[in-house]
Amino acid sequence: MSQKTGSIPSLKMLEKDCSTVNIDSSSQTLLVTSPYPEATLASAILSRALLRSNRKFHVTFVQPVMTVESLIEIKTKFDSSTVIAIGIDVLGTKKIKKGKSYPILIGGTSESEQLHTITIGTDFTITPAAYALAKSQIDVSSYDLQLAATGVLIQDEMNGTKKGANKEITDLAEKEGLVEERKGFRLFGVGMLPLDEALLHSTHPYLPTISGNQKACDELLIASEIPVQKLRSPLNNLNTSEAQRLTSNLITRLDPGVIPYLLGKDYILKLERESSPIRYVSGVEIVATTAWARHELGTIMSVWLGDRGRALRVMIDSHMSHNKDVISSVQRLDSGLVVESTSSATIVKLIGSKAEILPDAGRIALSNRLVDPDKPLVLDNEESSTIIWPYSRFNTKQVLRSLLKKGILPLTSSSQSVTIINSPEVTEMVLQLILNIDKAGS
């Protein structure tokens, strides 16, 4: 099929690959999904198509890297199901017996030539590949195209200029009026949260001196001459001059490095209500990241499937609670906790902090130089340790591939962190391996 390292297949190539696939309509489909945002969006596209055709399916979330033996075990356990693995790297060259059908891989990488032949797309075209498969097997809707474009736009933040199927999907979505480029604030809840809350509880990005500081927020809004009647309305309700005054005052209060994450290009998802927290691609990425850290992927999947009632409310409440806890932990870090600094890492004990907030707290501590920004950070809450690394040269998948070859598989908690449950020895081994990966790639 079209999997080639470094290449971006066209949409036509993906559709050609999908035309050779046959998903048995009489059997259940098992979607085995990586926690990466683009993988959960791709899984939602396929799930929606299966729902429309009244086919039975089940979604399960797994680590983004597995051995071929684990894939064989899943296939054997669900022998009567069509197994589709989404955004997962598979290690090992052991051959898979066909049985009722071969598993189908959407994106991801593999060491086996056999798996290359049953893989659709690459790790950089996960949502376009899912869209093409859904279209070839059942049908797709405008909302599915919007989901596919959203996945591409989230990945484009890291991977640069859109090419091949990625460009074709976003061009098609723009042509159909499903996504629209905009410039402005990239905070969560810009069309939903009261103005001061969007600033006060921001962790993507974290706003030093403002996030978690009600007094500083009030002073900022007074200095920006925001009318009293607009203080409890969303950021999007500000007129041009009000937004410009707020922007000017924010720029003078923040480090220049924060500004591109706070202000800049974003995309509107036109099928979402104006007050929806996921009306903007930046908002989708933020809540997907939180759901990954909190292991609440089932809830986020319900939202991607179209639940704009209970699941969306649960997601919003969980995200806001998460942000408050993250900010509290960052403030503890900033207040002068005892830090152990070695030549290779910074180690901080955050006793009492929840494990799920450590990835974001660590990311913020590194990016805001609360600790050495050039070394991995280990946050220890006594029950688990989370290692967050500052290097953008590699991600969680690359770390897990190296670890799994040594028989170690920690929990993933973000694209640049892993969590080890109550094992100082394993934590040290994982840390050393991360340092070795960085050294080899630098």
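Please read all numbers here as calculations on a predicted model, not as lab measurements.

About the thresholds
- Residues numbered from 1 in each chain as written.
- Predicted model: local features only at pLDDT ≥ 70, side-chain atom pairs only at ≥ 80, totals over all residues.
- Heavy atoms only, no water.
- Salt bridge = Lys/Arg side-chain N within 4 Å of Asp/Glu carboxyl O.
- Helix = DSSP H or I, 4+ residues; strand = E, 2+ residues; numbered from the N terminus.
- Buried < 20%, exposed > 50% of the residue type's maximum accessible area, 1.4 Å probe, protein only.
- 1 Å grid on protein atoms, 1.4 Å probe; cavity = no way out; pocket = protein on both sides within 12 Å on 5 of 7 lines; lining within 4 Å.
- Points joined across faces, edges and corners; volume = space filled by probe spheres on them.
- Nonpolar A, V, L, I, M, F, W, Y, C, P; charged D, E, K, R; others polar.
- Arc of directions from axis to C-beta.
- Contact = heavy atoms within 4.5 Å.
- Pairing = 2+ DSSP bridges.
- Axes fitted to C-alpha atoms, helices over the stretch in contact; angles between N-to-C directions.
- Parallel < 35°, antiparallel > 145°, perpendicular 65-115°, else oblique.
- Left-handed = near helix turned anticlockwise from the far one by under 90°.

S.K.: What should I look at first to understand the pattern of salt bridges in this one?
M.R.: When the charged atoms of two side chains with opposite charge come close together, those side chains can pair. Under the criterion given, the structure shown has 22 salt bridges. Here Asp24 and Lys100 are joined by a salt bridge, their closest N and O atoms 3.6 Å apart. Of this pair, Asp24 sits in the loop between helix H1 (11–18) and strand S1 (29–33) while Lys100 sits in the loop between strand S5 (89–91) and strand S6 (104–106), placing them 76 residues apart in sequence. On the basis of relative accessibility, which here comes to 48%, the residue Lys100 falls in the partly exposed class. Across the salt bridge formed by Arg308 and Glu272, the nearest N and O atoms sit 2.6 Å from each other. Here Arg308 is found in the loop between helix H13 (297–305) and helix H14 (310–334), whereas its partner Glu272 is found in the loop between strand S9 (263–269) and helix H12 (281–293), with 36 residues between them in sequence. Here the salt bridges do not stand alone but share partners, grouping Arg48, Arg52, Asp139 and Asp144 into one network.

S.K.: Where do I start with the layout of surface pockets in this structure?
M.R.: In this approach the atoms are scanned with a rolling probe the size of a water molecule, which exposes any empty space left behind. The space that makes up the second largest pocket amounts to roughly 300 Å³. In this structure, the second largest pocket is lined by 17 residues; those nearest its centre are Val21, Asn22, Ser101, Tyr102 and Ile104. Per-class residue counts for the lining of the second largest pocket are 6 nonpolar, 8 polar and 3 charged.

S.K.: Sorry, what's going on with H1 here?
M.R.: Side chains of residues three or four places apart in an α-helix project in the same direction, reflecting 3.6 residues per turn. When H1 is considered as a whole, its buried residues turn out to be Leu11, Leu14, Asp17 and Cys18. The arc that holds the buried residues of H1, viewed along the axis, is 120 degrees, so those residues lie on one side. The outward face of H1, more than 90 degrees from its buried face, is lined by the exposed residues Lys12 and Lys16. As for H1, its buried residues are in contact with strand S7 (119–120), helix H5 (126–137) and helix H7 (164–175).

S.K.: Help me out: how do you make sense of the sheet that holds strand S4 (residues 82–86) in this one?
M.R.: In any sheet, the strands associate via hydrogen bonds between backbone groups, in a parallel or an antiparallel arrangement. Pairing is parallel in the open sheet, where 5 strands are placed in the order S2-S1-S4-S6-S7. Looking along the sheet, the strands with just one partner apiece sit at the ends: strand S2 (57–61) and S7. Relative to S2, S1 runs parallel, the two sharing 5 bridges. Opposite Val32, over in S2, you have Thr60 as the bridge partner.

S.K.: How do you make sense of the packing of helix H2 (residues 37–52) against H13 when you look at a structure like this?
M.R.: Between two packed helices, what matters for the description is the angle formed by their axes and the separation of those axes. Between H2 and H13, the least distance of the axes is 9 Å, while the angle of their chain directions is 55 degrees. Taken together, the axis directions place H2 and H13 in an arrangement best described as oblique. Both H2 and H13 take part in a crossing whose hand is right-handed. Contacts between H2 and H13 pair Thr40, Leu41, Ser43, Ala44, Ser47 and Arg48 from the former with Leu297, Met301, Trp304 and Leu305 from the latter. Residues that form the contact of H2 with H13 fall into these classes: 6 nonpolar, 3 polar and 1 charged.

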